[in-house]
Amino acid sequence: MSEFEKISTGLGEECGVFGAYDMEGGDVAASVYYGLFALQHRGQESCGIAVTDTFGQRKVLSKKGLGHVDDVFDEEALKALKGNLGVGHVRYSTAGGTRVENAQPLVINYVKGTLAIAHNGNLVNAVELRRELEYTGAIFQTTIDSEVIAYHIARERLNVKKAEDAVKNAMKKIEGAYALVVSSPRKMIGARDPRGLRPLCIGKRDRTWFLASESCAIAAIGAEFVRDVLPGEIVSFTKDGVISDMSMAVPPEKQTRCIFEYIYFARTDSTLDGVNVYHSRILAGKALAESYPVEADLVVGVPDSGLVAAKGYSEHSGIPYGMAFHKNSYVGRTFIKPKQSDRESSVKIKLNVIPEVVRGKRIVMVDDSIVRGTTCANIIKMLKKAGAVEVHVRISSPPFLYPCYFGTDVPSNEQLIAHSHTTEQIREMIGADSLGYMEVEKLKTMVGELGYCDACFTGHYPMKVPDHDISHAFE
């Protein structure tokens, strides 16, 4: 972009995966499309669908492109994707650049047939695995770690009788976070990393089975939520039924789901591993109100992920809840702006304050996170310009102090404002009258007994991680 620069308005999501298998032979491309539409919040840079007909030649047809789901697919494109087994993906680039070659699903043709693979997450040992493959003659077409997984599954398939065994053998080599949806000529396979860092669930509608990153996508296509894929589970769907393999699972005390799914990533109407996201955010708001009470006239949330936590804060504190912002629904999390414009105008493109709501009032503003601080500072400036007399900021996550290696776009330490500034310094920098972050020990209130990963706040990683940023190692 010569005249424009890309602006990110917050943390990046990871990705979203979706799979559909109609046992009676009906086309599934439309269902995959609507499933991806429901997962659009998880990735807005590229998307793709790959389908195969398990009753016919079992040839894989696919279409991928840059942009939103409705940018890439129209009615004509979906009609051309004839097949009763399909895999779909929406992508946000946490590893590898934004280019059409990196769009998923990845489709691999090899001696045993064709595999289509969609992956959500990041591997921590991708660099080593890719180097090993390159020294044995592998040629890579993309700059994403998902291709390393695809290669390993394809290679392992040469040595085993079943595709799901190839997935299992590949899982023994890869380390990190992953939810996989894989289609082989006659099977749909779902797999989740043993620690459960990335979510995956199962749905059913008549004789069609579905796999999705979140339950909201199952609901969107009129299917029934069946259950979550368990951490470490490999589940395969064939004409003979559904088979579960738990041989890669670890004890519950070693499971570490990404806590940020509940704070920010997942849609509020999703339920992940038995925990309703809306309810978890209500509890986060209540925890903030307990830790940081303040005299104020109105509690407001920054759309979208701050809204429910704000409701929880309001319920616990007794301070009325209000809607202070209008959000432009047609602007994604990332957009472009003229270089000469200031960053404040970029925030205004996405959010605008309703002056009648905030004028003359002491405001509690609840948001999900502060990464660099720029966006938060501009929203506070907008509130005060609209007449708010005080703005007390409450953040439903602890301060970001460490980078994430598992598929969340938490930047390097130098870019994290909390890494080099105290809470009081940040309060001054953003112009808030007070600032309170979620206490690390209170994160547990959001998810109950579930084990979770909070490494971006504590530095306590659930596995060995690289000593440097590997997100663009293959560029």
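Presented here is a report on the structure given in the accompanying data block. Because the structure is a prediction, the values reported are computed rather than measured. (Residues numbered from 1 in each chain as written. Predicted model: local features only at pLDDT ≥ 70, side-chain atom pairs only at ≥ 80, totals over all residues. Heavy atoms only, no water.)

## Some thoughts on the sheet that holds strand 24 (residues 434-437)
Read across the sheet, 4 strands follow the order 18-22-23-24 without closing on themselves; strand pairing throughout is parallel. Either end of the sheet is taken by a strand with one partner, and the two such strands are strand 18 (298-301) and strand 24. On average, each strand axis in the sheet is inclined to that of its neighbour by 20°, with strand direction left out of account. Two strands pair when backbone bridges link them, and strand 22 (residues 362-367) and strand 23 (residues 390-395) are joined in this way by 6 bridges, in the parallel orientation. Along strand 23, the bridge assignment pairs D367 with I395. Packed onto the sheet, helix 10 (residues 307-317) meets strand 18, strand 22 and strand 23 and runs at close to 160° relative to strand 18. Lying over the sheet, helix 15 (residues 423-430) contacts strand 23 and strand 24, oriented at roughly 130° with respect to strand 24. (Pairing = 2+ DSSP bridges. Helix = DSSP H or I, 4+ residues; strand = E, 2+ residues; numbered from the N terminus. Axes fitted to C-alpha atoms, helices over the stretch in contact; angles between N-to-C directions. Contact = heavy atoms within 4.5 Å.)

## Points about the side chain of S184
Along the polypeptide, S184 turns up in strand 8 (residues 179-184). Its relative accessible area of 7% is what places S184 among the buried residues. Each residue touching S184, except ones within four places of it in the same chain, is listed here: T52, L85, T114, L115 and A163. (Buried < 20%, exposed > 50% of the residue type's maximum accessible area, 1.4 Å probe, protein only.)

## Looking at unusual backbone geometry
Looking along the chain, the bond that leaves Q104 and enters P105 is cis, with omega of 5°. By the secondary structure assignment, P105 is in the loop between strand 5 (85-91) and strand 6 (106-110). The peptide bond linking P303 to D304 adopts the cis configuration, its omega dihedral lying at -5°. The residue D304 is located in the loop between strand 18 and helix 10 in this model. Positive phi, close to 55°, is recorded for D206, a residue that is not glycine. Mapping D206 onto the fold places it in the loop between strand 10 (201-205) and strand 11 (208-212). We classify D206 as exposed; its relative accessible area is 67%. Within the chain, D273 stands out as a residue other than glycine whose phi angle is a positive 50°. Within the fold, D273 resides in the loop between strand 16 (271-272) and strand 17 (275-276).

## Details of the pattern of salt bridges
Applying the stated criterion to the full structure yields 23 salt bridges. The shortest N-O distance in the salt bridge between E261 and R198 comes to 3.6 Å. Note that E261 is positioned in helix 8 (residues 260-265) and R198 in the loop between strand 9 (187-192) and strand 10, a separation of 63 residues in sequence. E261 gets classed as buried once you look at its relative accessible area, which sits at 2%. Residues K239 and D240 are paired through a salt bridge, measuring 3.7 Å at the closest nitrogen-oxygen approach. Each member of the pair, K239 together with D240, is exposed. Salt bridges linked by common partners bring R42, R198, E214 and E261 together as one network. (Salt bridge = Lys/Arg side-chain N within 4 Å of Asp/Glu carboxyl O.)

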